[in-house]
Amino acid sequence: MKSSENISDQLVSAFRTAQHVVAFTGAGMSAESGVPTFRGDDGIWKTFKPEELANLNAFMRNPALVWEWYAARKKVIAEVQPNPGHYALAEMERKFSSFAVITQNIDNLHRRAGNKNVFELHGNIERNYCMKCGTNFTNEYVLAGAAVPQCTCGGMIRPDVVWFGEMLPEDEWEGAIRACRSADVLLSVGTSGVVYPAASLPQTAKLAGAYVIEINPEPTSLSSHADVFLQGKSGEILPAILAAIR
Ligand code: BJW
Ligand code: ZN
């Protein structure tokens, strides 16, 4: 399917009458920027299993391995740029009086593209903190020193991201739920929808009456429940939607 196909009159009309619009995004959103997804063909978890790296037990068992993974990803993410999909969402935030991005991504690309109302459910790779005293550290600091960076208090520093088994940041989660409950349109973009509680958000919006649009090159468990499934890349389909609703 080409990116502009299936941008139906119904979809355009849903945007035209919408007051509250939400974009819920996952790793596929940044794939065209050059950030690997987790579970796709280019998925980083083809080589590393999530349970080996993205949980606290793994970190305590082998902090050097987990830090090596994050240091490599920090370097990749620092060098990439937002793609046309990110810029289309930033333009939508300027167009609608109420627009929120709810992202599972930790790459900060939505803010770098210009979105301001962003809920980061799984943290942000640009931040780090001491597990003992809570002091924050920049990437510059943690990448310059030892393989396992330490705070002056002796505590271990970790990336400020949400690992499996950890609670999502309360403010971000509550903001996301609020936005979904009042959404007239929800775009679910580039997520496999397998990680909870984030994956429940499109359903929350749908139950509250939102028109749900999914964008993904591959069908997911959401596809048959969405009002429309646009099969393709977000860097192509989001700009096409923006052009259609202008
Ligand atoms: C494109 C594209 C293009 C490609 N354009 N698209 C059983 C049932 C339900 C829940 C659980 C359960 N057992 C355990 C749980 C809970 C667990 C969970 O959900 N596990 C499931 C995997 C089973 N969840 C948690 O633990 C969460 N916390 C929690 O529940 O707290 C309560 C609690 C506390 C204590 C005990 C128990 C419960 C926390 C989840 C944290 C997730 N963290 C990660 C790592 C973040 C840090 C880091 O990056 O290093 O977040 S995991 C990883 O997955 C990351 C992502 O944000 C997240 C979602 O992945 P995403 O974004 O969907 O990426 P992919 O790769 O899966 O998909 C990419 C998609 O893009 C694909 O569909 C492609 O087709 C598409 N695509 N190119 C558009 N160009
Ligand atoms: Zn400390």
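Here the structure is a predicted model, which means the values were calculated and not measured. Here, residues in each chain are numbered from 1, in the same order as that chain's written sequence. All chains are assigned letters beginning with A, and all ligands numbers beginning with 1, in the order in which they are written. With the structure being a predicted model, the display of local features is reserved for residues of pLDDT at least 70 and the display and counting of side-chain atom pairs for 80 or more, all residues being used for whole-chain, interface and lining totals. The basis for the side-chain values is all heavy atoms of the structure; hydrogens and waters are excluded.

Observations concerning a nonpolar patch on the surface
Next, step 1: Here a patch means residues that are over 30% exposed by relative accessible area and free of salt bridges, tied together within 9 Å if like-charged and within 5 Å if nonpolar (Val, Leu, Ile, Met, Phe, Trp, Tyr). In this description, accessible areas are obtained by the Shrake-Rupley approach with a 1.4 Å probe, and a residue is regarded as covered only by the protein chains that are shown. Salt bridge criterion: a side-chain nitrogen from Lys or Arg within 4 Å of a carboxyl oxygen from Asp or Glu. On the surface, L56, M60 and M131 cluster together into a nonpolar patch covering about 240 Å² of accessible area.
Next, step 2: Considering the arrangement of structural elements, one finds M60 in helix α3 (residues 56-61).
Next, step 3: Only protein chains enter the accessibility calculation, which uses a 1.4 Å probe; a residue whose area is less than 20% of its type maximum is buried, one above 50% is exposed, and one in between is partly exposed. Among the residues examined, M60 registers a relative accessible area of 47% and is labelled partly exposed. Counting from the N terminus, the helices are DSSP H or I runs at least four residues long and the strands are E runs at least two residues long.

A short note on the packing of aromatic side chains
Next, step 1: The criterion for an aromatic pair is that two Phe, Tyr or Trp rings (for Trp, the six-membered ring) have centres within 6.5 Å, with stacked assigned to planes under 30 degrees apart, edge-to-face to planes over 60 apart and tilted to the rest. Counted under the stated rule, the structure contains five aromatic pairs.
Next, step 2: Chaining the aromatic ring pairs together yields one cluster made of F59, W69, Y70 and W163.
Next, step 3: A ring is scored as having a charge over it whenever the NZ atom of a lysine or the CZ atom of an arginine sits within 6 Å of its centre and within 35 degrees of its normal. Over the ring of W69 we find R73, and its NZ or CZ is 4.3 Å from the ring centre.
Next, step 4: Stacked on the ring of W163, the Lys or Arg R158 has its end atom at 3.9 Å from the ring centre.

Brief notes about helix α8 (residues 170-181)
Next, step 1: Helix length check: α8 (12 residues) gives 16 Å between terminal C-alpha atoms against 16 Å at 1.5 Å per residue, within 8%.
Next, step 2: All of the buried residues along α8 are G175, A176, I177, A179 and C180.
Next, step 3: The secondary structure elements touched by the buried residues of α8 are β1 (20-25), β2 (98-103), β3 (118-120), β7 (185-189) and α9 (201-207). Each helix should span, by expectation, one fewer than its residue count multiplied by 1.5 Å. Any two residues having at least one pair of non-hydrogen atoms within 4.5 Å are treated as being in contact.

As for the site of ligand 1
Next, step 1: Neighbouring ligand 1 are 35 residues; R39, Y70, T191, S192 and Y196 lie closest to it.
Next, step 2: Contacts to ligand 1 include R39, whose side-chain N or O atom sits 2.7 Å from an oxygen atom.
Next, step 3: Relative to its unbound accessible area of 1500 Å², ligand 1 is 74% covered by the protein chains.
Next, step 4: No other element matches helix α4 (residues 63-79), which puts three residues into the shell around ligand 1.
Next, step 5: A breakdown of the residues in the shell around ligand 1 according to their chemical character gives 18 nonpolar, 11 polar and six charged.
Next, step 6: For the domain bounds, the source is a domain assignment made automatically or taken from a database. The two domains that each donate at least three residues to the shell around ligand 1 are domain 1 (1-35 + 82-122 + 168-246) and domain 2 (38-79 + 125-161). Whether a residue is near a molecule or strand is decided by its heavy atoms; if any one of them lies within 4 Å of it, the residue is near. What qualifies as a polar contact is a pair of N or O atoms within 3.5 Å, subject to a donor-acceptor requirement within protein and to the restriction that residues adjacent in sequence count only when both atoms come from side chains. Residue type decides the class: Asp, Glu, Lys and Arg count as charged, Ala, Val, Leu, Ile, Met, Phe, Trp, Tyr, Cys and Pro as nonpolar, and the leftover types, Gly among them, as polar.

Everything listed here is a matter of coordinates, which is why it stays silent on function.
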